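Residue-level listing of the chains:
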Amino acid sequence: MLVPVALLMLGALTAVVGPRLLARAEWPEREPVVALWVWQCVIATVLLCCALSMTLSAAAAWQAVRGQLFAPAPQGVVEAYALSAAGPWAAATAVALALGGVWTAAMLSREVFRARVRRRARRAELLVRSPLLPGEEPGTDRLVVLEGERPDAWWLPGTAPQLVITTAALRRLKGRQLDAVLAHEQGHAQARHDWLLHCSGALANGFPQVRVFASFRDEMHRLVELAADDVASRRFGRLTIALALVELNEHRGVFGPCPGTMAEVPQRVQRLLSPLPRLTAGCRLRLTAAAALVPVVPVLIAFVPGLSALG
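> So what's going on with the side chain of Thr-240? Which residues, and what values?
By secondary structure assignment, the location of Thr-240 is in helix H11 (residues 238–249). For Thr-240, the contacting residues outside a window of four places in its chain are Arg-176, Gln-177 and Ala-180.

> Residue-level account of the pattern of salt bridges, with values.
Evaluation of the coordinates by the stated rule reveals 11 salt bridges. Here Asp-194 ties to Arg-192 by a salt bridge, and the two come within 3.3 Å at their closest N and O atoms. We classify Asp-194 as buried; its relative accessible area is 7%. Bridged by salt links that share partners, the residues Glu-29, Glu-219 and Arg-222 form one connected network.

> I'd like to hear about the packing of aromatic side chains, residue by residue, with values.
Counted under the stated rule, the structure contains 2 aromatic pairs. Look at Phe-207 and Phe-213: their rings are 5.8 Å apart centre to centre, the planes differ by 55 degrees, and that puts the pair in the tilted class. Judged by its relative accessible area of 21%, Phe-207 is partly exposed. Overall, Phe-213 belongs to the buried group, its relative accessible area being 6%.

> Report on helix H10 (residues 211–236), specifying residues and quantitative values.
Helix length check: H10, at 26 residues, gives a terminal C-alpha distance of 38 Å against a target of 38 Å (1.5 Å per residue), a fit within 8%. Trailing H10 by a residue or two, Gly-237 shows a phi angle of about 95 degrees, which is positive.

> Tell me about the confidence of the model for the protein chain, residues and numbers included.
Across the protein chain, the average pLDDT comes to 84, with 86% of residues at 70 or higher. Looking over the protein chain, one finds the lowest element-wise mean pLDDT in helix H5 (residues 75–80), namely 70, and the highest in helix H13 (residues 281–293), namely 95.

> Which residues make up the sheet that holds strand S3 (residues 162–166), and what are the values?
Strand order in this open sheet of 3 strands is S1-S3-S2, and the pairing throughout is mixed. A single partner strand is all that each edge strand has here, and the edge strands are strand S1 (143–146) and strand S2 (153–156). Put simply, the sheet's adjacent strands are angled 25 degrees from each other on average, direction ignored. Alignment of S2 against S3, held across 4 bridges, turns out to be antiparallel. Counted as the bridge partner of Ala-153 is Ile-165 from S3. Packed onto the sheet, helix H8 (residues 177–191) meets S1, S2 and S3 and runs at close to 30 degrees relative to S2.

> I'd like to hear about the packing of helix H3 (residues 32–61) against helix H9 (residues 193–206), residue by residue, with values.
Each pair of packed helices can be described by the angle between their axes along with the distance between the axes. Contact geometry of H3 with H9 gives a least axis separation of 13 Å together with a crossing angle of 40 degrees. With respect to each other, H3 and H9 are oriented oblique. Here H3 runs over H9; the crossing is left-handed. Facing Leu-36, Gln-40, Ile-43 and Leu-47 of H3, the residues of H9 in contact are His-193, Leu-196 and Leu-203. A class-by-class count of the residues in the contact of H3 with H9 yields 5 nonpolar, 2 polar and no charged.

About the criteria used
- Counting restarts for each chain, with residues numbered from 1 along the sequence as it is written.
- pLDDT decides what is reported in this predicted model: residues at 70 or higher carry local features, side-chain atom pairs at 80 or more are listed and counted, and totals for whole chains, interfaces and linings draw on all residues regardless.
- Side-chain measures were taken over the full set of non-hydrogen atoms in the model, leaving aside hydrogen atoms and water.
- Think of it this way: any DSSP run of H or I at least four residues long counts as a helix, any run of E at least two long counts as a strand, and we number them from the N terminus.
- Contact between two residues is taken to exist if any of their heavy atoms lie within 4.5 Å; hydrogens are not considered.
- By definition, a salt bridge exists where a carboxyl oxygen of Asp or Glu is found within 4 Å of a side-chain nitrogen of Lys or Arg.
- Accessibility here uses a 1.4 Å probe with only protein chains present; expressed as a share of the type maximum, an area under 20% marks a residue as buried, one over 50% as exposed, and anything in between as partly exposed.
- When two rings of Phe, Tyr or Trp (its six-membered ring) have centres within 6.5 Å they constitute a pair, described as stacked for plane angles under 30 degrees, edge-to-face for angles over 60, and tilted for the intermediate range.
- Here, expected helix span is obtained from the residue count minus one, scaled by 1.5 Å.
- pLDDT expresses how confident the predictor is about each individual residue, on a scale running from 0 to 100.
- Any two strands between which DSSP finds at least two bridges are classified as paired.
- Fitted lines through C-alpha atoms give the axes, limited to the stretch in contact for helices. The angle between two N-to-C directions lies from 0 to 180 degrees.
- These descriptions rest on fixed angle ranges, namely under 35 degrees for roughly parallel, over 145 for roughly antiparallel, 65 to 115 for roughly perpendicular, and the rest for oblique.
- Each crossing gets its hand from how the near helix is turned against the far one by less than a right angle, where anticlockwise is left-handed and clockwise is right-handed.
- Only Asp, Glu, Lys and Arg are considered charged, only Ala, Val, Leu, Ile, Met, Phe, Trp, Tyr, Cys and Pro nonpolar, and every remaining residue, Gly among them, polar.

Here's what the structure looks like:
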């Protein structure tokens, strides 16, 4: 029974090679949206390899699982997988991978729960700092202005996303800089970047020794900021959003990290002021298609013995 082993080896190879290739490439800085997609395909491949290996290992270890999994298949297909020849390692592999899946689901649930608790707390704080007017319903305003001495702007995800900005930010931002900041935050809300951050954070926290998950989390934090910068720059210009970033972070020291992100402000400003040419539409399409094909490989490996038997 070599297919589960082959799937695990493919998952390990993807986890090692994928991040290294992306780290050496120059195009992710230029195309953060494509890079986000490629990273998701890499992680999906790793998880899919584990899930398929778990399923086939369980089928090899227990007749009940085998009967359910191969119920409609001809006997020749079952024999092609050589499930009955599997050793005692099959049950151990299936149990270990199943526990990993349960742990992943638990970590994701915890991440989402904590995010909702934080969001409810921040919304409650907003109601205290910016009370509703008579007859006004909570959550109806997409833009909330708060009194504050620190220039800041952020968005609260949820069914009714809200953009929050302080009065200090309103005083510091000039011209169309305010519009650019709001467009940046709207880019986060429209792309639902919060779910990318939840999933990457759950994997990294649940499996701290797995480097690919830590890299996934760090890159998600960095790339979502670059993608939102691009949304704002396409509408209001790169110089406008770059100046807005400097204005919002000057009080923190412009060489410090942007709060809540892994992308440093100077690097983002430098990228906006000295932009590299974007990839051509054809190149972006090829990268997107190639990344989408990567998760197909473990599926093909899992079905090769069965297809060969049918052929």
